[in-house]
Amino acid sequence: MSRAVIEVAEPVERVQAHTKDTAIRSIRATIVEAPTRRRHKLSNTEVTHQGYVLVRVLLDNGVTGIGEASTLGGPRWAEESVESIKAAVTNYLGPALLGQSALAFEANALRMGKAATRNFAAKGAIESALLDAAGKTLGLPASALLGGAVRERMEVIWALASGDSGQELEEAKEKLRRREHRQFKIKFGFIPPQADLKRLQALRAGLGGEVRLIVDVNQGWTEAECIRFMPALEELDVALIEQPVSALQLEAMARVAARTSIPLLVDEAAFTKEEIARIGAMGCGSVYSLKLVKSGGLFEIKRAAAVAAAHGLELYGGCLLESSIGAAAHLAAFSTLPKLEWGTEHFGPRILVEDLVVNPIRFEEFEICVPDGPGLGVEVDEDKIRAFARKD
């Protein structure tokens, strides 16, 4: 009795043609410095112009994708600066991807990993541009390529970081009046703790008990200062405290987390999946801040979220003052997560004097809306890029 022969025809020519059509022809990087509406202070720097690296990927089919890497005042928040990001993209990461299919996301991530260690902001900008180009080619939003959106909008937090309590109170009241934001993150650490507490007291008294307040110490306190001042934060009904001690002091952070009733948000202390697993096992906090600059890619953000959730951490959509370009990339990934308990703080497009796109991300009724167009769903304003581009 002869066996039936089943022939499987491999669509070799079609696959090759499709791969060639989406092959990466060029990758270019441009440094952009966009002015902000007010000073934005952190524990170790302040920003009046936000630095970005815009990455453009051109495919053989003529489609261009855009991605963005963001920094805060140079290599202070992390080791990357706009100068190092541009150099990594131009000299190492870009050349490793030329001729590859834009649809080979995982393979391209592996190629970038071999071409450069860490350099997460640079890698994230390139992958965002690839998702933008692939989405435009296929007529799909980036969220569809990341697994499909489960939410179209999310609560958005506004940061208060001028250091002037009177100005901050008026700013917060205006955000409430315009129904733009009802959750506020107060940046600590650039003045003494006692002065920060007076700022917070003024804000709580002026805004009332219904408004949710978050404190970001930006690694500005010692463990002793946490022991001394966190009871005051508890009395002021602070909902969340971000990275109170140095990112290197994991044991101290775990002890601080065990002493306070306020959940700790882990940010700079964990970038990679392995670091997230470590802080989760050590009990360094109960909420994790997701950022492209830490994960190095949108697919990797999703894996970071899964590792954090597996260790019992809730999720917070962090930002680094991205324009609508970088915010759209983050939102594409955030929209696909099963849970995002704390919403996001992607207010970056609103702190810029002028956004970098012709169709800025929409903010409505205290929420930020996920763009629904192909790719990242935003269109670059070339006039703004020319105006703000650094002249080499």
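Check the entry above for the structure.
For clarity, every value in this text was computed on a predicted model and none was experimentally measured. (Residues numbered from 1 in each chain as written. Predicted model: local features only at pLDDT ≥ 70, side-chain atom pairs only at ≥ 80, totals over all residues. Heavy atoms only, no water.)

Draft legend 1. View of the pairing of strand E7 (residues 212–216). Within E7, four of the five residues are buried, leaving the element largely enclosed by the surrounding structure. As defined by bridge partners, strand E6 (residues 183–187) adjoins E7 across five bridges and the pair is classed as parallel. Looking at E7, one finds that Phe184 is bridged to Leu213. Following the chain from E6 across helix H7 (residues 193–207) to the adjacent parallel E7, one finds a crossover that is right-handed. Direction of pairing for E7 relative to strand E8 (residues 240–242): parallel, over a ladder of three bridges. Bridged to Val215 within E8 is Ile241. Handedness of the β-α-β unit built from E7, helix H8 (residues 223–235) and E8 comes out right-handed. (Buried < 20%, exposed > 50% of the residue type's maximum accessible area, 1.4 Å probe, protein only. Helix = DSSP H or I, 4+ residues; strand = E, 2+ residues; numbered from the N terminus. Pairing = 2+ DSSP bridges. Right-handed = clockwise from strand over helix to strand, strands pointing away.)

Draft legend 2. Examining helix H6 (residues 165–177) more closely. Here H6 spans 18 Å end to end across 13 residues, near enough to the 18 Å set by a 1.5 Å rise per residue. Taken together, the buried positions of H6 are occupied by Glu168, Leu169, Glu171, Ala172 and Lys175. All buried residues of H6 project into a common sector of 165° when viewed along the axis, lining one side. In H6, the exposed residues that point more than 90 degrees away from the buried face are Glu170 and Arg177. Phi turns positive, to about 55°, at Arg179, one or two residues after H6. (Expected span 1.5 Å × (residues − 1). Arc of directions from axis to C-beta.)

Draft legend 3. Looking closely at the pattern of salt bridges. Evaluation of the coordinates by the stated rule reveals 31 salt bridges. A salt bridge links Lys294 to Asp267, with the nearest nitrogen and oxygen atoms 3.0 Å apart. You can see Lys294 sitting in helix H11 (residues 292–295) and its partner Asp267 sitting in the loop between strand E9 (264–266) and helix H10 (273–282), a full 27 residues away along the chain. Each of the two residues, Lys294 as well as Asp267, counts as buried. In this structure, Lys384 engages Asp381 in a salt bridge whose closest nitrogen and oxygen atoms are separated by 3.4 Å. Just as Lys384 is buried, Asp381 falls in that class too. By sharing partners, the salt bridges in this structure join Glu174, Lys175, Arg177, Arg178, Glu180 and Arg350 into a single network. (Salt bridge = Lys/Arg side-chain N within 4 Å of Asp/Glu carboxyl O.)

Draft legend 4. Representation of the packing of aromatic side chains. Overall, the coordinates contain six aromatic pairs when judged by the stated rule. One aromatic cluster in this structure is built from Trp77, Phe120 and Phe271. The ring of Trp158 is capped by Lys175, whose NZ or CZ atom sits 3.9 Å from the centre of that ring. (Phe/Tyr/Trp six-rings, centres within 6.5 Å; stacked < 30°, edge-to-face > 60°. Lys NZ or Arg CZ within 6 Å of the ring centre and 35° of its normal.)

Draft legend 5. Local environment of the nonpolar core. Judged by nonpolar contacts, the single largest core of 122 residues is most densely connected at Val55, Ile126, Phe188, Leu200, Leu233 and Leu290. In terms of residue count, the dominant contributor to this core is helix H4 (residues 120–138) (10 residues). Shared between two domains, this core takes at least three residues from each, and those domains are domain 1 (21–139) and domain 2 (145–375). In contact with Leu200, not counting residues within four places along its chain, are Ile186, Phe188, Leu213, Val215, Leu233, Leu236 and Val238. Ile214, Val287, Tyr316 and Trp342 belong to the second-largest nonpolar core, a separate cluster that totals eight residues. (Core = buried A, V, L, I, M, F, W, Y, C linked by side-chain atoms within 4.5 Å. Domains from an automatic or database assignment. Contact = heavy atoms within 4.5 Å.)

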